[in-house]
Amino acid sequence: MECLQADHACFKAAKEAFVTGHTGTTMYELSVQGFIFPASLFLLFTIQSNYQFSSNFQFPFEFLVIVVPTVLAMTLLADYTTSMLLTLISISIIIPWFTATSSRINNTNQERNQNESNGRSNSITNFRAGVMLMTCTAILAVDFPIFPRRFVKTETYGTSLMDIGVGAFVVSGGLVSRMTKTMTSSISSSSSSSSLRTELLRIVPIFVLGMVRILVVAGVDYQEHVSEYGVHWNFFFTLACLGIITILFERLIWKPIFINVFKIASSKQPFVLFALGLVILMLHQCNLTMNGIEEWINSTDERITVIDANKEGITSCIGFFGLHLLATGWGGYERQRRNSTKKTNNKRSGHGSRSSEGKRRVVQYGMLLNGGFLIHWLTSILNIQPSRKMANMTYCIWVFIHNIFILIVLEEIDIWRMKKKKKNQNGVKDESKNDQNDKNDKNDKNGKDDGYNKKEVTASILVAAINKNQLVIFMIANPITGIINLSMRTIYIYDSLTSLTIILGYMLVVSSIAWILRGYRIKL
C-alpha cells in the first residue's frame, strides 16, 4: 500500500512538473498555428464548390478536412506548420484547375447555397468554432509528450498556444455579447429584464463546473498547477467572474451613464467601448507595475488569506475584462458595418458595396498595424513582457490583435466563398436549375432533410454544430479529458501514433456529439 501511495505521489509530482516552468514560443510560430484552421476551411470551401459528394459522407469529410489538420498542427506536425499551411493553401488553389465548371455544384451544395442569406458573413461563427475546436484539442493533448512543451501555458512571462486559447475564449465571448446587439436595436425594459435573467442563468453552469472541478481534483488527488490560477481558482471561475463584472458594468455604468446621461450615439458606442477597454488595461498595467501587484503575484510567500491563495485568478480578471471590452467594441463595429452594408446593397449598385468593403479593409488593417506598433512599444521600449498569468496590457493587446487578424482572414475567405457561390450559380444553365428545383421540391414534400438548417448560412455543418452548443461541448470535453487522464498515464505515452490515435478518437467523440445535437436541432 505504501508503495502504491509513493508511486502515486511520484506520478503526481511528475505530471505537475510536466506542465510547469515553461516559457512559450515566438509570436510568429503562434500566428502560423492560428492560420491552420482558416486554411483548412479554405480547402473545405474549395472542395465543396468544385466537387460532388454525397451528404452521407459530410461528417467524415469535414472531420478529415477541418479537425484532423488542426490536431496534426498542434501535435505530430507542430514543427512543420509553415509547410503544412503552404500545402493547404496550395491544394486549395490547384483544385479548381482540375475541375470542369459544369460539375462544380452538387445537389447538396446548391440546396445550401439557395438557403443562404446574401451578403451575410459567417466569419464570427467560424472563428468561435475554431477557438472551441483548438481548445478542446489542447486540454487533452497537453498531457501527452506529442504536444510540444513550448505550447503549454507559460509560467510567468511569454507567449504560448494555450495562452492564446485562454484569451481567445474571452475575445470569442465579447464578439457576440449582448452589448453588441443593443448597439443596433432598441430593447424594451421587459426584454432587457429577460435578457438579464438569461445572462445570469448562463453563468450558473460555468460556476457549477468550476466547483465540480475543485471537488473532483480534491477527491481523486489530481495534480494541480497552483501558480496558474491559484489554490482554489480555475478558468471556469474566471469566465463566471467576467460574466458578472460585464453584467454589472452594463447595468450600473454603461446604460445609466454613457447611454442615458452622455447620450452616446449608437454609431459611436463601439469606439467608446474600445477606448474604455484600453483605459482599463492601462490602469491595470499601472497597478501591476507601480503598486507592487506584479511582485506580489510572482512572490513565493506563504498564501495565508483566500485572496493570497487565489491572487493570480483574481487579479487577471481585471485584465480579461479590458480584453472583453475591446472584443465587444469590435463586435459592435462589425455588427453595425454588416447592417450598413446590407442596407447599402439594397439601395445602391455594386459601387456602393465596393466602397463599403474598401472602408472596412482600411479600418481593419489599420487596427492591425496600430496594434502591432503598440505591442512593439510595450515589449521593446517599456520592456513589459506579455503575461497570461496577470493578464497584463501587453498580453491582452497581443491576444486581441492575434485573434482579430484571424477573424479578418476568415472574413476574407468567407467573402471569397460567397463570390464563388454567386459565380457558380450564374454559370448553371436554366434547365439544370429547374431540374434541381424540382428535385428539391420533391425532397421537401417527402420530408427529406440533408441535415442543413435553412436558418444557418455557414458552409460547414460541423462548424455550425460546434458553434451552436459551445458551452455544452466544452462541459462534455472536460470530463472526457479527466477520464482519459485517470485511466492512463498520458505523460509516459511516448509513441506518437498511440498518442495521436487517442487524441483523434477523443476529438471524434466530441465532434460527433456536436453533430448529433445539431441533427436533432437541440440547443442547450
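Going by the structure above, here's the rest.
Here the structure is a predicted model, which means the values were calculated and not measured. (Residues numbered from 1 in each chain as written. Predicted model: local features only at pLDDT ≥ 70, side-chain atom pairs only at ≥ 80, totals over all residues. Heavy atoms only, no water.)

(A) The packing of helix 7 (residues 123–141) against helix 20 (residues 461–468), seen in detail. Interaxial distance between helix 7 and helix 20 falls to 8 Å at its minimum, and their mutual angle equals 75°. In this view, helix 7 runs roughly perpendicular relative to helix 20, as classed from their interaxial angle. Mapping the contact onto sequence places Thr125, Asn126, Arg128, Ala129, Met132 and Leu133 in helix 7 and Val463, Ile466 and Asn467 in helix 20. For the contact of helix 7 with helix 20, the residue count by class is 5 nonpolar, 3 polar and 1 charged. (Axes fitted to C-alpha atoms, helices over the stretch in contact; angles between N-to-C directions. Helix = DSSP H or I, 4+ residues; strand = E, 2+ residues; numbered from the N terminus. Parallel < 35°, antiparallel > 145°, perpendicular 65-115°, else oblique. Contact = heavy atoms within 4.5 Å. Nonpolar A, V, L, I, M, F, W, Y, C, P; charged D, E, K, R; others polar.)

(B) Structural view of the pattern of salt bridges. Tallied over the full model, the rule gives 10 salt bridges. We note a salt bridge from Glu250 to Arg178, for which the minimum N-O separation is 2.4 Å. Residue Glu250 is located in helix 12 (residues 235–259), and its partner Arg178 is located in helix 9 (residues 178–182); the two are separated by 72 residues in the primary sequence. Here the two residues Glu250 and Arg178 agree in accessibility, since each one is buried. Note that Glu250 is salt-bridged to Lys255, the shortest N-O span being 3.9 Å. The partly exposed category is assigned to Lys255, whose relative accessible area is 22%. (Salt bridge = Lys/Arg side-chain N within 4 Å of Asp/Glu carboxyl O. Buried < 20%, exposed > 50% of the residue type's maximum accessible area, 1.4 Å probe, protein only.)

(C) Geometry of unusual backbone geometry. Although it is not a glycine, Asn383 adopts a positive phi angle of roughly 55°. Within the element layout of this structure, Asn383 appears in the loop between helix 17 (350–381) and helix 18 (393–427).

(D) Molecular detail of a nonpolar patch on the surface. Where nonpolar side chains cluster on the molecular surface, the patch consists of Leu201, Val204, Phe207, Val208, Met211, Val212 and Val216 and spans about 600 Å² of accessible area. With relative accessibility at 38%, the residue Val212 sits in the partly exposed group. (Patch = residues over 30% accessible without salt bridge, like charges linked within 9 Å, V, L, I, M, F, W, Y side chains within 5 Å. Areas by Shrake-Rupley, 256 points an atom, 1.4 Å probe, with all protein chains shown as cover.)

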